[in-house]
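Here's the letter readout for the chains.
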Amino acid sequence: MAERTKENSHTVIMVGAGPAALSAAIYTTREDIDTMLIEKGVPGGLAAVTDWVDNYPGFPEGLAGLELAGNLQKQAERFGAVIDFGEVTALHDEGDWKRLETTLGDLYARVVLVATGSDYKKLGIPGEAEYYARGVHYCATCDGAFYRDKRLVVVGGGNSAVQEAMFLTRFATHIDLMVRSKLRASDVLQKELQKFVDQGKITVHLTTTTDEIIGDAEGKVVQVKGTDTESGNEVKIDTDGVFVFVGLKPNSEFMAGQLETDEIGLIKTDENLMSSMKGVFVAGDIRSGATMQVASAVGEGATAALKIREYLEGHVNIQEEV
Ligand SMILES: Cc1cc2nc3c(=O)[nH]c(=O)nc-3n(C[C@H](O)[C@H](O)[C@H](O)COP(=O)(O)OP(=O)(O)OC[C@H]3O[C@@H](n4cnc5c(N)ncnc54)[C@H](O)[C@@H]3O)c2cc1C
């Protein structure tokens with residue numbers, strides 16, 4: 001364990017540099033609050049790997065995810081935010097200071113903002129990575145509108161899959177819902193789903209695995225191959241796109257047991273976006289109750305920054321040398 005020094009200490013350390021943390025950093029650094037962000041992947045987070053963001057307010061034509069991410073990063077850096085590349089592997093409460101174990105060594109902060117996001121669980125089948133965001137999607141609110149009057153396959157049998165399949169009927173002409181075993185969605189949702197099945201808008205394929213996503217010469221998704229596990233027969237479904245809803249993997253493992261989480265591992269907060277550990281705030285997709293949108297992550301980042309300022313004013317002298 002490294003001792004705390006001036007060099008490894010910051011007033012605020014933000015874990016992750018996605019839209020939530022970058023927005024928070026714009027606010028904290030603009031108010032001269034010493035802020036460091038530590039990012040294990042790409043600044044901009046999931047927004048940076050999103051092909052096109054059509055629903056971010058203020059951009060009437062939409063914009064490339066990479067451009068949005070780049071702009072957020074530039075704006076935060078303009079005010080003095082420092083982004084270091086590394087991974088936070090553990091978090092410890094040492095009273096007025098929090099100690100973060102990272103691949104860059106131990107770091108100390110008065111306040112920590114956890115903005116590590118969540119990953120969508122993948123199927124791990126051929127074609128999934130190849131057509132990622134170009135025919136294979138994980139967010140209906142984000143990408144459903146690209147499939148007006150098209151056919152879609154939805155993979156999954158839980159609440160999210162059923163809910164999102166019904167939502168996608170607003171755009172798609174028909175949905176094939178591929179369920180590996182049986183439906184696990186609530187009774188209420190299953191009853192609702194039945195209405196769409198009766199109207200011919202959704203076809204449910206139970207006991208059907210999804211084995212491969214196939215594209216054409218132009219790189220467009222055209223078919224999904226699966227297997228009916230009861231008969232052993234191959235199932236081929238022609239489609240224009242695939243939406244996968246087989247669960248979320250919150251990036252909260254590094255603080256396992258330290259912060260209170262909900263049943264899927266998203267971190268619980270109070271009305272000030274503070275977690276169960278005093279001085280540790282949470283914003284964006286990793287927060288229990290998050291709506292998993294860039295606009296919401298940005299809004300929560302700004303709110304967290306203002307709450308952090310309030311907390312610092314109330315608890316420690318922010319002018320005090322770290
Ligand atoms: C394919 C796709 C398309 C999407 N399209 C849209 C859309 O059109 N509109 C929309 O509003 N939303 C869309 N979203 C959702 C949107 O991208 C997210 O809601 C948003 O990026 C969440 O921001 P965040 O900052 O909370 O988390 P993230 O963007 O997930 O950023 C978290 C960051 O933390 C880093 N990190 C994680 N753990 C650690 C650690 N231990 N140490 C250091 N760093 C760590 C990660 O590398 C990541 O960069 C889409 C998502 C996907 C996957």
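Since the structure is predicted, the reported quantities are computational estimates derived from the model, not experimental observations. Starting from 1, residues in each chain are numbered consecutively following that chain's sequence as written. Since the coordinates come from a predicted model, pLDDT governs what is reported: local features require at least 70, and pairs of side-chain atoms require 80 or more to be given and counted, while whole-chain, interface and lining totals use all residues. Hydrogens are left out, water is left out, and the side-chain values use all remaining heavy atoms of the structure.

Draft legend 1. Focus on the site of the ligand. Being near a molecule or strand, for a residue, means having at least one of its heavy atoms within 4 Å of it. Around the ligand, the surrounding shell holds 35 residues, and the nearest of these are Glu39, Leu46, Asn55, Asp285 and Val294. Note that an oxygen atom of the ligand is positioned 2.8 Å from one of the backbone N or O atoms of Val294. A run of H or I in DSSP becomes a helix once it reaches four residues, and a run of E becomes a strand once it reaches two; helices and strands are each numbered from the N terminus. Per-element accounting of the shell around the ligand gives the leading share, three residues, to helix H2 (residues 45-48). Ten residue types, Ala, Val, Leu, Ile, Met, Phe, Trp, Tyr, Cys and Pro, are classed as nonpolar, four, Asp, Glu, Lys and Arg, as charged, and the remainder, Gly among them, as polar. Looking at the shell around the ligand residue by residue, the classes come out as 18 nonpolar, 12 polar and five charged. Think of a polar contact as two N or O atoms within 3.5 Å of one another; within protein, one of them needs to be a possible hydrogen donor and the other a possible acceptor, and neighboring residues in sequence only count if both atoms come from side chains.

Draft legend 2. Representation of the environment of Thr203. Tracing the backbone shows Thr203 in strand S13 (residues 202-205). Sequence spacing of Thr203 and His174 is 29 residues, and the spatial spacing of their C-alpha atoms is 8.0 Å. The criterion used for residue contact is that any of the two residues' heavy atoms lie within 4.5 Å. The residues contacting Thr203, other than those within four sequence positions of it, are His174, Ile175, Asp176 and Leu177. Among the polar contacts made by the side chain of Thr203, one reaches the side chain of His174 at a distance of 2.8 Å.

Draft legend 3. The arrangement of the state of the cysteines in detail. In plain terms, two cysteine sulfur atoms within 2.5 Å form what is called a disulfide here. Applying the stated criterion to the full structure yields one disulfide. The residue that forms a disulfide with Cys139 is Cys142, at a sulfur-sulfur distance of 2.1 Å. One quick way to see it: the torsion about the S-S bond of Cys139 and Cys142 is about 70°, and its sign makes the bridge right-handed. In this scheme, a residue with accessible area under 20% of its type's maximum is buried, one over 50% is exposed, and one in between is partly exposed, where area comes from a 1.4 Å probe on protein chains only. Judged by relative accessible area, Cys142 falls into the partly exposed class, the value being 26%.

Draft legend 4. Structural detail: the pattern of salt bridges. Here, a salt bridge means any Lys or Arg side-chain nitrogen found within 4 Å of an Asp or Glu carboxyl oxygen. Within the structure shown, the criterion is met by 10 salt bridges. Among the salt bridges present, the one from Glu94 reaches Arg99, with a minimum N-O distance of 2.8 Å. The exposure class assigned to Glu94 is partly exposed, which follows from its relative accessible area of 35%. Linking Glu300 and Arg287 is a salt bridge whose minimum nitrogen-to-oxygen distance equals 2.9 Å. Of the two residues, Glu300 is situated in helix H7 (residues 294-315) and Arg287 in the loop between strand S19 (280-282) and H7; the sequence distance between them amounts to 13 residues. In this pair, the class of Glu300 matches that of Arg287, namely buried. Residues joined in a network through salt bridges with shared partners are Glu94, Arg99, Glu101 and Asp106.

Draft legend 5. How the structure looks around the sheet that holds strand S11 (residues 151-155). The five strands lie next to each other as S10-S17-S11-S12-S13, forming an open sheet whose pairing is parallel. Looking at which strands have only one partner, the edges of the open sheet turn out to be strand S10 (136-137) and S13. Think of it this way: DSSP has to see at least two bridges between two strands before they count as a pair. Where S11 meets strand S12 (residues 174-178), five bridges bridge the pair, whose relative direction is parallel. The residue of S12 that forms the bridge with Val154 is Leu177. A fitted line through C-alpha atoms serves as each axis, taken over the contacting stretch for helices, and the angle formed by two N-to-C directions is quoted from 0 to 180°. Across the sheet, helix H6 (residues 187-198) touches S12 and S13, and the angle it forms with S13 is around 115°.

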